[in-house]
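Below, each chain spelled out in residue letters.
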Amino acid sequence: MTAGTRFDSLLRDMSHPVRPTRTGAVVILVVLIVLSLAALVPLYWMFATSLTPSAMTVRLPPELVPSEPTLDNYRAVLRQPNFFRWVINSVIQAVSITAVTVATASMAGYALAKLPFRGSRTLFWLFILSMMLPFEAILVPLFLVVTRLGLVDTYLGLLLPLMVSPFSIFLMKQFIQTLPSELLDAARVDGAGEARIFWEVVLPLVRPGLAFLGIITFVAQWNSFVWPLVVTRSSEMRTLQVGLVLIREQEPLFFGLQMAAAVLAAIPVIVIFFSFQRYFLRGVTVGALKG
Amino acid sequence: MAGQAPSVGTAAPRPRPSDRGRGGARTGAVWGVVFAAPQTLLFALFFLIPVVIAFALAFMEVRPTSMSFVGLDNFETVLGDVLFRRAIVNTSIFTAVVVLFWLGKALLIAYLLDPMNHTLQTFFKSAFYLPAVTSSVIISLVWLWIYHPNFGLLNGLVVALGGDPVAWLGNTSTALPALMAMQVIMGGGSSIVLLSAALARIPRDLYEVAIIDGAGRATIFAKVIVPLIRPTLLYLVVTGTINTFQVFEAVYVMTQGGPQFATTTVVYRIYQEAFQRFNLGVASAQAIVLFLITIVLAAVQFRFLGQNVEY
């Protein structure tokens, strides 16, 4: 094997019937690098600005690599009033909604897949139909319901409406449906109750589904903005995403500060992304992450 | 997933607990209700009731202390509202352009990646996916900084190339295109993954048969690839259009609907009406118009793109 062919197999899938020529593969590589850099440079720029002293950010031409890197912006972020409250609120939001959604959606998915009851088909179709309707379309009436319940600017008001997840029910139903009913029946013959079957037979078998649902729910909740924006009022109840906008409104000219706060808010999901990359890159066809 | 379903027919017939009589089936049904209850209750309280209220409110005038039935007045207000019509036009332009370019980009990348080395594929899929897990607020803040008229990265580049700085988000002619460009450049991560998976499922024999028949790359793309990944494309067009039509974060963070309403979108308009002017009746009527537009969009696309789809 010459160096050329070794390089070649690093580039092309040699078993693909319509693979490009070697030159073609190099051209494709260049196109892919250009397109991916267009999306990655803004993220790099966020990091670079976060390390640049404030005075240097309002100067032309922009410094592509910070010449005097500093952590001052990060210190300034940590001094922002209520910043730690926002972080804690975001953690509460993401963790509690993920836990409740995974638990209740797998229960509902099990019921719809394996324990039919009167009206369960209708209920399933209601869930499917509601998946078509974007959250923004019910924002106003949902806010009225939460106001009537006296839950504006409370944790329950923030969390409960976001725990409704027909998509998660649908996902778990799809996973649980593939389990052989004979297996569950065998456990029943052995005298296991439904709760035990769910806990000891169903859940262990759909662990990859639970992990996938948990990861995408956490990321979606950590990133969510519209509901926390309208349902919280006091600075203490704001979440990190809403806090980022507040920081930018209060300090419109301190770009280093804004970018440092953005980096801190991005780090958890970036860490999760790289830790669970295969879940994101597997391409589950019901995937409903943003485009 | 259907392929993994067990072939029930081959199992030896043996008594099932549900055959023990009506008691077993009824116990199962009771447990079904119990297991479905938590999500169903949340769904009823925070989805069904709000939807019903939205329809009811749309025909009411809501004041802090009273409500009165006003028939179709709110809809007249909404459809007669120049700003709301402007918002629909802006959002339609935004959605059409973004979905076209974003999906085109995703399809191009997935197609180019398909015959490449596996490790290289994973690397680029990750690179394109990273912006998709970063929140819209963060992306919007970063691009607000990139588009900054005086010190932004983009104008730094423009000036370095000998041009004059542009107020990207301050001109009525560039503000909406600037938001669209941001969305297309940063978007596409999860669609690339879905399209790649669809391309990888195409049986390689089909390519070989096409090659033997003398088909070139363009023919293979049009006659083999596109028909086979059509369900995935349909799914992405429908969900992409519906989601893009709800654009809000970028407008809220970057332009507040300006300059001169050039970037006012439907959801932003509803937000202003409901949460800045507290006009909940009108906002509900607007939300119902948004709801109807969404349904029509989905239905049209299913009809238009759904023909000849084999599932």
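For clarity, every value in this text was computed on a predicted model and none was experimentally measured.

J.: Lay out the overall build of chain A with the relevant residues and their values.
T.: Per the secondary structure count, chain A includes 16 helices and zero strands. Projecting the C-alpha coordinates of chain A onto the three principal axes gives extents of approximately 75 × 70 × 30 Å. Here the contacts in chain A between residues at least 6 apart in sequence split such that 72% fall between residues at least 24 apart.

J.: Which residues make up the overall build of chain B, and what values do they have?
T.: When you go through chain B residue by residue, the secondary structure sums to 14 helices and two strands. Residues classed as buried in chain B amount to 43% of the 311 residues present. In chain B, of all internal contacts separated by at least 6 residues, the share reaching a separation of at least 24 is 68%.

J.: Before we move on, can you summarise the interface of chain B and chain A with the specific residues and values?
T.: Between chain B and chain A, the contact holds 96 residues from the first and 93 residues from the second. The class makeup of the residues in the side of chain B that touches chain A is 67 nonpolar, 23 polar and six charged.

J.: Give a description of helix 15 (residues 255-275) of chain A that names residues and reports values.
T.: Here helix 15 of chain A contains 21 residues, and its C-alpha end-to-end distance of 30 Å stays within 8% of the 30 Å for a straight helix at 1.5 Å per residue. Along helix 15 of chain A, the helix axis deviates most sharply at Ala266 of chain A, where the bend reaches about 35°; the proline Pro268 of chain A sits within four residues downstream.

J.: Describe the domain arrangement of chain A, listing the residues and the values that go with them.
T.: All names here are of chain A. Each assigned domain of chain A is listed here: domain 1 (3-50) and domain 2 (77-281). Between the C-alpha centres of domain 1 and domain 2 there is a distance of 35 Å. The partner domain 2 presents six residues to the four residues of domain 1 that form the contact. Looking at the side of domain 1 that touches domain 2, its residues break down into two nonpolar, two polar and no charged.

J.: An account of helix 11 (residues 194-205) of chain A is needed here, citing residue identities and associated values.
T.: Residue and element names in this part refer to chain A. For helix 11, with twelve residues, the first-to-last C-alpha span of 15 Å sits near the 16 Å given by 1.5 Å per residue. Here helix 11 has its buried residues at Glu194, Ile197, Phe198 and Val202. Along the axis of helix 11, the buried residues cluster in a sector spanning 95°; they form a single face. What points out from helix 11, more than 90 degrees from its buried face, is the exposed set Trp199, Glu200 and Pro204.

J.: Give me the lowdown on the environment of Val300 of chain B, citing residues and values where you can.
T.: By the secondary structure assignment, Val300 of chain B is in helix 14 (residues 280-306). With 62 residues separating them in the primary sequence, Val300 of chain B and Val238 of chain B have C-alpha atoms 9.4 Å apart.

J.: Can you break down the confidence of the model for chain B residue by residue, with the values?
T.: Across chain B, pLDDT averages 84, with 89% of residues at or above 70. Contacts from residues 1-22 of chain B, a stretch scored under 50 in pLDDT, to residues over four places away or in other chains number 14 contacts.

J.: I'd like a description of unusual backbone geometry, backed by residues and values.
T.: Cis peptide bonds are those with omega within 30 degrees of zero, and the linkage from Gly258 of chain B to Pro259 of chain B qualifies with -5°. Turning to its location among the elements, Pro259 of chain B is positioned in the loop between helix 12 (249-255) and helix 13 (266-276). For Asn82 of chain A, which is not a glycine, the phi torsion comes out positive at approximately 70°. Looking at where Asn82 of chain A falls in the secondary structure, it is placed in the loop between helix 4 (72-78) and helix 5 (83-114). The phi angle at Gln256 of chain B is positive, at roughly 50°, despite the residue not being glycine. Examined against the element boundaries, Gln256 of chain B turns out to sit in the loop between helix 12 and helix 13. Take Gln256 of chain B: there are 12 C-beta atoms within 10 Å of it, and that puts it in the exposed class.

J.: A description of the confidence of the model for chain A should follow, citing residues and the corresponding values.
T.: Residue and element names in this part refer to chain A. Per-residue confidence for chain A gives a mean pLDDT of 88, with 96% of residues at or over 70. Per-element mean pLDDT across chain A ranges from 73 in helix 1 (residues 3-11) up to 96 in helix 8 (residues 155-159). In this model residues 286-291 is a low-confidence stretch, pLDDT under 50, and it forms 18 contacts with partners more than four residues away in sequence or in other chains.

Calculation criteria
- Residues numbered from 1 in each chain as written.
- Chains lettered and ligands numbered in written order.
- Predicted model: local features only at pLDDT ≥ 70, side-chain atom pairs only at ≥ 80, totals over all residues.
- Helix = DSSP H or I, 4+ residues; strand = E, 2+ residues; numbered from the N terminus.
- Contact = placed C-beta atoms within 7 Å.
- Buried ≥ 20, exposed ≤ 12 C-beta atoms within 10 Å, placed from the backbone.
- Nonpolar A, V, L, I, M, F, W, Y, C, P; charged D, E, K, R; others polar.
- Expected span 1.5 Å × (residues − 1).
- Bend = angle between axes of the 7 residues up to and from the residue.
- Domains from an automatic or database assignment.
- Arc of directions from axis to C-beta.
- pLDDT = per-residue confidence, 0-100.

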